[in-house]
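Each chain is listed here by its residues.
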Amino acid sequence: MTVSEIMVKMVKYSKGNLHDINHFMKVYAYAKTIAECEKVADDEQRIIEIAAIIHDIACPLCREKYGNTNGKLQEKEGAVLAEEFLKGTGLSNEMVNRIIFLVAHHHTFQEVDGIDYQILLEADYLVNADESGYQEANIRNVIDCVFKTSSGKMLLQSVYGIAEGNR
Ligand SMILES: [Fe+2]
């Protein structure tokens, strides 16, 4: 399947939940943009885009089962749902395994072991900062401690009006 076909599959899977659909559409757009700016390899680009589309696949189930979307529960349930979702997409096993790993770690900010992982964290944060109304102090801290790619940092600064050196 192409990335767009996987996007359509995920939109259908979301059964009209506009909040979830809007969220992953935005994370996908940032992830794709950052990955292209950082000139990652073609395989990595694909992994990043697909992981961004399905990273919150466990949100509806977690809301129903636990009444919240706590990060750790989401990661655990997400791995199982992502594996199921990716069956029949024709992606290589290696790619599927990496995407499942990313879904299962996207709330974990330690031991980021690759540019794909890093870009997913940055793209998700760029969207969550707005959706959850993060304070400027939080954003300034994250730009120094979490963000690593120059395009991710630049986007975060531009979107949230944080001037470089103005801290
Ligand atoms: Fe997310």
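Whatever comes next refers back to the structure up there.
A brief report on the enclosed structure follows. (Residues numbered from 1 in each chain as written. Predicted model: local features only at pLDDT ≥ 70, side-chain atom pairs only at ≥ 80, totals over all residues. Heavy atoms only, no water.)

**With respect to the coordination of the iron ion**
Alright, step 1. Of the protein atoms, only His23 (NE2), His55 (NE2), Asp56 (OD) and Asp124 (OD) coordinate the iron ion, at distances of 2.2 to 2.3 Å.
Alright, step 2. Motif for the iron ion, donor spacing along one chain: H-x31-H-D-x67-D. Note that His23 is positioned in helix H2 (residues 18-37) and Asp124 in helix H7 (residues 115-131), a separation of 101 residues in sequence. Like His23, the residue Asp124 is buried in the burial classification. (Donors = N, O, S within 2.8 Å, 3.2 Å for Na, K, Ca; no water. Helix = DSSP H or I, 4+ residues; strand = E, 2+ residues; numbered from the N terminus. Buried < 20%, exposed > 50% of the residue type's maximum accessible area, 1.4 Å probe, protein only.)

**Considerations on the pattern of salt bridges**
Alright, step 1. Inspection of every chain in the model, using the stated rule, returns eleven salt bridges.
Alright, step 2. Among the ionic pairs, Asp113 bridges to Arg98, the shortest N-O distance being 2.8 Å. You can see Asp113 sitting in the loop between helix H6 (93-103) and H7 and its partner Arg98 sitting in helix H6, a full 15 residues away along the chain.
Alright, step 3. Classification of Arg98 as buried rests on a relative accessible area of 19%.
Alright, step 4. Asp116 is the salt-bridge partner of Arg98, the closest N and O atoms lying 2.7 Å from each other. You can see Arg98 sitting in helix H6 and its partner Asp116 sitting in helix H7, a full 18 residues away along the chain. Taken individually, Arg98 and Asp116 each receive the classification buried, so the pair is uniform in this respect.
Alright, step 5. Among the charged side chains, a salt-bridge network with shared partners connects Lys32, Glu36 and Glu49. (Salt bridge = Lys/Arg side-chain N within 4 Å of Asp/Glu carboxyl O.)

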